[in-house]
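Residue strings, one per chain:
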Amino acid sequence: MTIRFPEPPLGNGAPRRVLMTADAVGGIWDYALELAGGLSRRGVRITLAVMGREPSPAQRSKAVAIPGLDLHHGDFRLEWMEEPEDDLRRAGDWLLELAERTAPDMVHLNGYTHAALPWGLPVLVVAHSCVLSWWQAVHQTAAPVGWQPYASRVAAGLAAADQVVAPTQAMLDALEVHYGPRPRSQVIWNGRDAGTWHGRTGLHQPGSRRGIVSVGRIWDEAKNIRALDGVAPSLEWPVAVAGSWERPGGSGEPPANLRCHGVVPPDALARIYGDAAIFALPARYEPFGLSVLEAALSGCALVLGDLPSLRELWTGAAVFVPPDDHEALTRELKRLIGQPAHLGTLSLAARHRARSYGTERMVARYLNVYADLLDVPQTVPPHREVAAVPLGS
């Protein structure tokens, strides 16, 4: 064993290596790889520590294809799962050991609990969502008292973070409502590469495209895709959905009136977007919505749940409907189907707005945050011994 402290950051203020956490379920994985790819192009190496279920072979291949990214997996329950306490403790030990072995300059957590570990490094927490705000939005009431241990862990993590980032002001506002003011916080929009989605779809003219598509976990009440299943029989165009209808553990029923593609890889998803004229997501809760951004980049007109976060991002470039107003959802979809000129205008507006949420802009904003955090002196524990060989995945 040899003692090795983090090397000085790059000349432009960027860290040489970032320890980043993620999970392989949902949008955090896509966000992490998009950001890691952009950081890699700027010369930053990433140690990606994935908890929860193991990445699929396709996910693993995509991750290890990013230059300078080391992928590690720990089979630990995530902080929002049932009875995660033992796993969270073991995951904390694993993360600290990983930091000792890889010597990052800073820690980027896509979760809350582990911000309270004794890192001795700058710690950034990114708030993608939380159970308390999800519960309030979906059930219109506060989360049950059984979620109090989770809430305490989240509050402690937020308090320990040197900086908190959220993808929308609406998400930052939700954190303040549920956990108190966040003085060290800012908004950084998530990003997707425009060329990736434009190039795959070919951007067929809206008039040559028919059909409505949605993307998300069909069983998730927050996505509210079941509302589309309810209105689909009254629509002239078919409605398709990409996403799992099975809950974790295997329960659930497939939608009755939607063409269900299941979980599909990015290339297939791009084709699904490209064949549709309208993307509909009458969500009850969506702190950002990567699928909305992908659909807009692909040339779809947007019909979205009327939420503060989606209003924040898409006002002037989407149609909004109250999530549980099926009549309004049907009316707006029929109006777009019957008015091709309006459909085309909305499609162009969505595509133009989507270009504001690009990968390089996201990466540049995070590099600025990293540089600011690295300007603050940190105490590195003198006992940290770091092996030259990274911990195996």
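Residues numbered from 1 in each chain as written. Predicted model: local features only at pLDDT ≥ 70, side-chain atom pairs only at ≥ 80, totals over all residues. Heavy atoms only, no water.

Moving on, we get to the overall build of the protein chain. Secondary structure summary: the protein chain contains 14 helices and 13 strands in total. Relative to its 393 residues, the protein chain shows a buried fraction of 55%. A separation threshold of at least 6 residues defines the contact pool for the protein chain, and within that pool the share at least 24 residues apart is 68%. (Helix = DSSP H or I, 4+ residues; strand = E, 2+ residues; numbered from the N terminus. Buried < 20%, exposed > 50% of the residue type's maximum accessible area, 1.4 Å probe, protein only. Contact = heavy atoms within 4.5 Å.)

Empty space left among the atoms is revealed by rolling a probe the size of a water molecule over them. By volume, the second largest pocket amounts to about 390 Å³. Those elements that place two or more of their residues in the lining of the second largest pocket are α4 (131–139), α6 (169–179) and α11 (308–314). Among the elements that make up the lining of the second largest pocket, the one with the highest residue count is α6 (six residues). Among the residues making up the lining of the second largest pocket, the classes are represented as eleven nonpolar, five polar and four charged. (1 Å grid on protein atoms, 1.4 Å probe; cavity = no way out; pocket = protein on both sides within 12 Å on 5 of 7 lines; lining within 4 Å. Points joined across faces, edges and corners; volume = space filled by probe spheres on them. Nonpolar A, V, L, I, M, F, W, Y, C, P; charged D, E, K, R; others polar.)

Before going further, it helps to spend a moment on the side chain of arginine 192. Residue placement: arginine 192 occurs in the loop between β7 (185–187) and α7 (194–201). Setting aside anything within four residues of it in sequence, one finds arginine 192 in contact with Asp30, Glu34, Trp197, Leu290, Leu293, Glu294, Leu297, Tyr357, Gly358 and Thr359.

Further remarks concern the pattern of salt bridges. Inspection of the entire model under this criterion finds 15 salt bridges. Each of Glu34, Arg192 and Glu294 takes part in salt bridges that share partners, so that together they form one network. (Salt bridge = Lys/Arg side-chain N within 4 Å of Asp/Glu carboxyl O.)

Taking 1.5 Å per residue as the helical rise, helix α14 (residues 359–374) with its 16 residues ought to reach 22 Å, and the 22 Å between its terminal C-alpha atoms agrees with that figure. Regarding α14, the residues found buried are Thr359, Met362, Val363, Tyr366, Leu367, Val369, Tyr370, Ala371 and Leu373. Close packing links the buried residues of α14 with β1 (17–23), α1 (27–41), β4 (106–109), β5 (123–126), β6 (163–166) and β7. (Expected span 1.5 Å × (residues − 1).)

Let us look at the nonpolar core. Of all hydrophobic cores here, the largest spans 92 residues; its most connected members are Leu48, Phe279 and Trp314. If one sorts the elements of this core by residue count, α1 sits on top with eight residues. If we skip the residues at most four places from it in the chain, leucine 48 touches Met20, Ala22, Trp29, Ala32, Leu33, Leu69, Asp70, Leu71 and His72. Formed by 38 residues, the second largest nonpolar core is a distinct cluster that contains Trp119, Cys130, Ala161 and Val187. (Core = buried A, V, L, I, M, F, W, Y, C linked by side-chain atoms within 4.5 Å.)

Let us now look at the sheet that holds strand β3 (residues 69–74). Read across the sheet, seven strands follow the order β3-β2-β1-β4-β5-β6-β7 without closing on themselves; strand pairing throughout is parallel. For this open sheet the edge positions go to β3 and β7, each flanked by a neighbour on one side alone. Direction aside, the axes of adjacent strands within the sheet are offset by 20° on average. (Pairing = 2+ DSSP bridges. Axes fitted to C-alpha atoms, helices over the stretch in contact; angles between N-to-C directions.)

Attention now goes to the sheet that holds strand β8 (residues 212–215). With parallel pairing, the six strands of this open sheet are ordered in space as β10-β9-β8-β11-β12-β13. Single-partner strands in this sheet number two, and they are β10 (259–262) and β13 (319–321). Between one strand axis and the next, the sheet turns by 25° as a mean value, whatever way the strands run. Judged from the four bridges that link them, β8 and strand β9 (residues 239–242) form a sheet pairing that is parallel. Within β9, the residue paired with valine 215 across the bridge is alanine 242. In the packing of helix α9 (residues 266–275) onto the sheet, the strands contacted are β8, β9, β10 and β11 (278–281), and the crossing angle to β8 comes to about 145°. Most of the contacts of helix α10 (residues 290–297) go to β11, to which it runs at about 170°, and overall it touches β8, β11 and β12 (301–305).

All chains considered together, the criterion is met by nine aromatic pairs. Their ring planes at 65° and their centres at 6.2 Å tell us that tyrosine 31 and tyrosine 366 sit as a pair that is edge-to-face. One end of the pair, tyrosine 31, is in helix α1; the other, tyrosine 366, is in helix α14, with 335 residues separating them in the sequence. As far as the burial class goes, tyrosine 31 and tyrosine 366 line up, both buried. (Phe/Tyr/Trp six-rings, centres within 6.5 Å; stacked < 30°, edge-to-face > 60°.)

What follows covers α4. Along α4, the residues classified as buried are Val131, Leu132, Ser133, Trp135, Ala137 and Val138. Residues of α4 that are buried sit in contact with α5 (148–160) and α6. Glutamine 140 sits one or two positions beyond α4 and adopts a positive phi of about 60°.

With that out of the way, let us pick up the environment of arginine 60. Inspection of the secondary structure puts arginine 60 in helix α2 (residues 57–64). Once the C-alpha coordinates of arginine 60 and alanine 24 are considered, the two residues, 36 residues apart in sequence, prove to be 9.6 Å apart.

A few words now on the environment of glycine 26. When you line up the elements, glycine 26 lands in the loop between β1 and α1. Given the relative accessible area of 32%, glycine 26 is considered partly exposed. Spatially, the C-alpha atom of glycine 26 lies 8.5 Å from that of glycine 216, the residues being 190 residues apart in sequence.

On to the packing of helix α12 (residues 326–338) against helix α13 (residues 340–354), then. Relative orientation of the contacting elements α12 and α13 amounts to 105°, with a least axis distance of 5 Å. Relative to α13, the element α12 is oriented roughly perpendicular. In contact with Arg335, Leu336, Ile337 and Gly338 of α12, α13 contributes Pro340, His342, Leu343 and Leu346. Here the contact of α12 with α13 is built from residues that sort into five nonpolar, two polar and one charged. (Parallel < 35°, antiparallel > 145°, perpendicular 65-115°, else oblique.)

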